[in-house]
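Observations on the model geometry
This is what each chain is made of:
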Amino acid sequence: MMKISELKNKKTGIVLSGGGVKAGAHIGVLKALTERKIYPEVVSGVSAGAIVGALYANDVGAEEMLKFFKETPLLKYNFFTLNKPGLFDTDRYREFLEVHFKENNFEALKRALHIVATNLEDGCEAFFNSGKLIEPILASAALPPVFSPVKFNNVLYIDGGVMNNFPIEPLQNKCDFIIGCYTSSMVPVSKKNLNSSLKLTTRTNVLMIHANSAYKLSIPDILFRPNNLDDIGVLDKKGLEKAYNIGYEHANSMLDNYFKS
């Protein structure tokens, strides 16, 4: 065990996985950290974790983050697109991000931020930490085939979790203490839960993203991996508050055991 005060002399970073609505647990974890005056200086995130990470890097509090996710529509019928690959037009979500990121660049944030997306054309991961901000956020969260790819710098990008669902790399050799939060569950499912195209796609994505992350989960100094997120659908907004509470309670329990007063 160590004292929280010891972190004051350490550069602290946090990595936030994808997980869709389950990433509400990230917000609960950040709330618990803030209550203990633990403020990671460097953030790395992917997919929904990139959105949470960007909001945190801009000093948006937990309550405001929850409000953002509750008020931002996911599968809105008039966002449906026939002109782009994907069911919903990712660019239509830009206006919701512009509310919190009036200066569309990394340099305007209060903390260092790294976002990973997948370059759909060359099949490689792409990290972003400078320049335009909203475009990488949208790209990192563009889960195929639900959301359309995002085009910027003349390249098509999709969900970063396809290649890297736990982007800890920017924090290694740069941070003295690394905190991880992983919300992508990987548990067996029954045949009855694979009875639609959406459920099949979701399951396939879960298998894929967990495979590229599992070996890195032992790297953080402390890893939050909340239980009981399995029954929350990736796109089920009704589960947001539940995910938040699970993350908050899980983080409180772990932090009480990890740090001594």
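It should be noted that the structure appears before, not after, this text.
Presented here is an overview of the structure given in this document. Owing to the predicted nature of the structure, the values given are computational and were not obtained by experimental measurement. (Residues numbered from 1 in each chain as written. Predicted model: local features only at pLDDT ≥ 70, side-chain atom pairs only at ≥ 80, totals over all residues. Heavy atoms only, no water.)

**Regarding the pairing of strand β2 (residues 12-16)**
Burial runs high along β2: 5 of the 5 residues are buried. Of the two faces of β2, the one carrying T12, I14 and L16 and the one carrying G13 and V15 are both buried. Pairing geometry for β2 and strand β8 (residues 177-181), over 5 bridges, is parallel. In the strand pairing of β8, V15 is matched with G180. Where β2 meets strand β3 (residues 42-46), 4 bridges bridge the pair, whose relative direction is parallel. Considered in β3, the bridge of L16 is made with G45. (Buried < 20%, exposed > 50% of the residue type's maximum accessible area, 1.4 Å probe, protein only. Helix = DSSP H or I, 4+ residues; strand = E, 2+ residues; numbered from the N terminus. Pairing = 2+ DSSP bridges.)

**Looking at the nonpolar core**
Soluble, globular proteins show a tendency: their nonpolar side chains are buried together. If you look at the biggest cluster of nonpolar residues, it comprises 67 residues, and the most contacted ones within it are L33, F101, L113, F224 and L255. Top contributing element to this core by residue count: helix α2 (residues 48-57), with 7 residues. Excluding anything up to four places from it in sequence, L33 contacts I14, I38, I179, F224 and L255. In terms of nonpolar packing, the next biggest core, distinct from the first, is built from 10 residues, V42, I168, C175 and L217 among them. (Core = buried A, V, L, I, M, F, W, Y, C linked by side-chain atoms within 4.5 Å. Contact = heavy atoms within 4.5 Å.)

**Details of the side chain of R111**
Mapped onto the elements, R111 comes out in the loop between α4 (94-98) and β4 (112-119). Taking the relative accessible area as the measure of exposure, R111 reaches 16% and is therefore buried. Among the polar contacts made by the side chain of R111, one reaches the main-chain carbonyl oxygen of P40 at a distance of 3.0 Å. When residues no more than four places from it in sequence are discounted, the contact partners of R111 are Y39, P40, E41, Y56, A57 and D59. (Polar contact = N/O pair within 3.5 Å; in protein donor to acceptor, adjacent residues only side chain to side chain.)

**Comments concerning the pattern of salt bridges**
As a working rule, side chains carrying opposite charge can pair if their charged atoms are close by. By the definition in use, this model includes 7 salt bridges. Residues R36 and D256 are paired through a salt bridge, measuring 2.9 Å at the closest nitrogen-oxygen approach. Here R36, found in the loop between α1 (24-35) and β3, pairs with D256, found in helix α7 (residues 240-258); they are 220 residues apart in sequence, far enough to count as distant. A relative accessible area of 19% places R36 in the buried class. Among the salt bridges present, the one from K216 reaches E169, with a minimum N-O distance of 3.0 Å. Taken as a pair, K216 in the loop between α6 (197-211) and β9 (222-224) and E169 in the loop between β7 (155-158) and β8 lie far apart in primary sequence, 47 residues in all. (Salt bridge = Lys/Arg side-chain N within 4 Å of Asp/Glu carboxyl O.)

**A look at unusual backbone geometry**
The phi torsion of most residues other than glycine is negative, and most of the peptide bonds are trans. Residue P144 is joined to P145 through a cis peptide bond whose omega torsion reads -5°. The phi angle at K37 is positive, at roughly 60°, despite the residue not being glycine. Looking at the element boundaries, K37 is found in the loop between α1 and β3. According to the relative accessible area criterion, K37 is exposed, its value standing at 64%. For D59, which is not a glycine, the phi torsion comes out positive at approximately 65°. Position of D59 relative to the elements: it lies in the loop between α2 and α3 (62-71).

**Details of the packing of α1 against α7**
Here α1 crosses α7 at 40°, and the two axes come no closer than 6 Å. In terms of orientation, α1 lies oblique with respect to α7. Pair α1 / α7 crosses with right-handed handedness. Across from G24, A25, I27, G28, V29, K31, A32, L33 and E35 in α1, the residues of α7 making contact are L240, A243, Y244, G247, Y248, A251, N252 and L255. Across the contact of α1 with α7, the residue classes break down as 11 nonpolar, 4 polar and 2 charged. (Axes fitted to C-alpha atoms, helices over the stretch in contact; angles between N-to-C directions. Parallel < 35°, antiparallel > 145°, perpendicular 65-115°, else oblique. Left-handed = near helix turned anticlockwise from the far one by under 90°. Nonpolar A, V, L, I, M, F, W, Y, C, P; charged D, E, K, R; others polar.)

**Observations regarding the packing of α1 against α3**
Orientation of α1 relative to α3, taken along the N-to-C sense of each, is 170°, at an axis distance of 9 Å. Overall, the two elements α1 and α3 adopt an arrangement that is roughly antiparallel. Packed against α1, whose contacting residues are I27, L30 and K31, the element α3 presents A62, E63, M65, L66 and F69 at the interface. In terms of residue class, the contact of α1 with α3 is made up of 6 nonpolar, no polar and 2 charged.

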